[in-house]
Structures are given as C-alpha cells and as structure tokens.
Amino acid sequence: MTDDTLSSWIGKRETSHDRLSLELAKRIATTLGDDIPTADAPLPHLWHWAFFQEPVSEACLGRDGHPRQGMLLPPIDGKNRMWAGGRVHFHRPLRIGEPARRQSTITAVDEKQGKSGKLLFVTVQHRYYQHDRLCIGEEQSIVYREPKPATQPGSRPSPRVEWKERIDPSPVLLFRYSAVTYNSHRIHYDRQYATEVEGYPGLVVHGPMIATFMLRSFTRRFPQRRPIAFTYRGIRPLFASTPFHVGGHHSSATHCALHAYDADGPAHQAEIEYKENA
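Residues numbered from 1 in each chain as written. Predicted model: local features only at pLDDT ≥ 70, side-chain atom pairs only at ≥ 80, totals over all residues. Heavy atoms only, no water.

Draft legend 1. Highlighting the packing of helix 3 (residues 171–180) against helix 5 (residues 207–221). Two elements in contact, helix 3 and helix 5, have axes whose closest approach is 10 Å; the angle formed by their N-to-C orientations is 100°. Classified by the angle their axes make, helix 3 and helix 5 are roughly perpendicular. Residue-level contacts link Leu173, Leu174 and Tyr177 of helix 3 to Pro208, Met209, Thr212 and Phe213 of helix 5. Split into classes, the residues belonging to the contact of helix 3 with helix 5 amount to 6 nonpolar, 1 polar and no charged. (Axes fitted to C-alpha atoms, helices over the stretch in contact; angles between N-to-C directions. Helix = DSSP H or I, 4+ residues; strand = E, 2+ residues; numbered from the N terminus. Parallel < 35°, antiparallel > 145°, perpendicular 65-115°, else oblique. Contact = heavy atoms within 4.5 Å. Nonpolar A, V, L, I, M, F, W, Y, C, P; charged D, E, K, R; others polar.)

So this is what it looks like as structure tokens:
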C-alpha cells in the first residue's frame, strides 16, 4: 500500500455493540484462574478485550489466522501483525450483564525503521460506553512487521519488584484465552505454524493476557487502590510451557511500575496510576 493509501485509513470509524454476558465472564474467569463473577458485578480490569469481537468466517482469514481484509484495520499483505502495547483510562466500571457500546477510530498510521526491517504502527482509539456514559478510554498500538524469523535478545537482569506472582502458561491456557477472546492468530495455538512460518521457538503467549496478569497482580496486592490509567508495552515475547513472573514496585506515591519477566529478564512493561479508595 502507498503512503496515500495508508493515510486514507486515518479517521476510519467503527461502532460495535455487545452485552457483557455473565456466561462469557465465567469462561474468562475460569481461563485466568479467577473467582467466578456475579451478574451486575463490575467487569474485572481488561476483561473487556474478550467482548466486541465481530465474527469472521474462516474463508476471510489470512494464512496467519487474522482477518485477511480486516474490518477496521487496514489490510497489509505479506506482514505479520502483533499487538505492541497501549494505554487504558478507567473512568467507571463496566457492569456484567449490561449492554455496552464500543466506538473505534484509527488515529494514526506511521511507518518506522526497526532492527528487523520496516515496521508499520497503527494506532486505534476505543471508547467504551454503558447507558451513554464513558466507562473506558483506550489507545491500542498495532504493529505490522516483515515476516522474518523472530530474534531473541540475550539474558538481562530481572527487574526490581516488591511483589510477584508466578504464571505457568500452558498450551491449554493459550488455547482457551484465544477462544474467549475470539483470537484466531495461529502463533498462539498452532506450534508448527509459530515455529516454521513466523520463526518463534514455541507458542507465543498473548500480549493482552500478559497485560491482564500484570494489572491483576496489582489489584490483588492492593485491593484498596483504584486503577485510573494503565500503560503497557511488549519488549519481547514469552512462550508456552516456560514459566514467568508478573509483579511490580512503587515509582511514586500514585504510580507503580509493573513487569512480566522470565529467566532471561524483562519481557513486558507497564505503569499504573491509581487512587486510594475512599
């Protein structure tokens, strides 16, 4: 696609509607090993990523399992697509069992030169509403990269953490998270494709799931604190059957730095801004 064609996608919008069903919330909880929620309870942080997934027939999927022509995102042939990071602002909780609306807009399309070749970054803004009240504001950064074998950096020191939790990402966990989020990207469940086509050493743990575990580690550790904003990014992938830890440390009176890391050091980073509950 030319620069003019790519820039023409800026401003494209899409509106999706969904009911935040208790049945799907139960499946998410079971997948992540969390308590089963009840009807009308607040939807736990970042579980909204499992909703608003438009159904796409298999005939419309590309080789990697992503929609070939995309509904909102531009169709980029010959490049691998990944979720690089984003920013989430929590205004008020989404409620389980209630209808909700998501308004999405492409706000930027930027091409950059990376170590492995040209990278195309697409920024998508999402706004989530219930009963016409803004509940969550979000920006997601999607990256398209050349289909070259993935390279892994050498070992680095583990980050400083004041608390941590161990995560054991089994292939079953990855498969079930793909199912509850309607994510058909084959790097998460098709080992042969992940290793032989995209060049990874194994199945890749979902970036959104890692972000969810990172934020959950904070809310478990500090249930009296209310997250206001959450910024996260992936540094390198983590893989199935290789344990990793999530945890964090205070960076100021209202902020914590969060980390996901394994024996080779940091893999994902995040920062959370919070307030004390009244």
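Still to come is the rest of the account.
Draft legend 2. Expanded view of the pairing of strand 8 (residues 244–250). For strand 8, the tally of buried residues reaches 5 of 7 residues, placing the bulk of the element in the interior. For strand 6 (residues 163–167) and strand 8, the ladder comprises 5 bridges, and the chain directions are antiparallel. Within strand 8, the position partnered with glutamate 165 by the bridge is valine 246. Looking at chain direction, strand 8 and strand 9 (residues 255–262) are connected through 6 bridges and run antiparallel. Following the sheet pairing, valine 246 is matched in strand 9 by alanine 260. (Buried < 20%, exposed > 50% of the residue type's maximum accessible area, 1.4 Å probe, protein only. Pairing = 2+ DSSP bridges.)

Draft legend 3. Layout of the environment of asparagine 80. Within the fold, asparagine 80 resides in strand 2 (residues 80–90). C-alpha of asparagine 80 to C-alpha of valine 143: the two residues are 63 residues apart in sequence and 8.2 Å apart in space.

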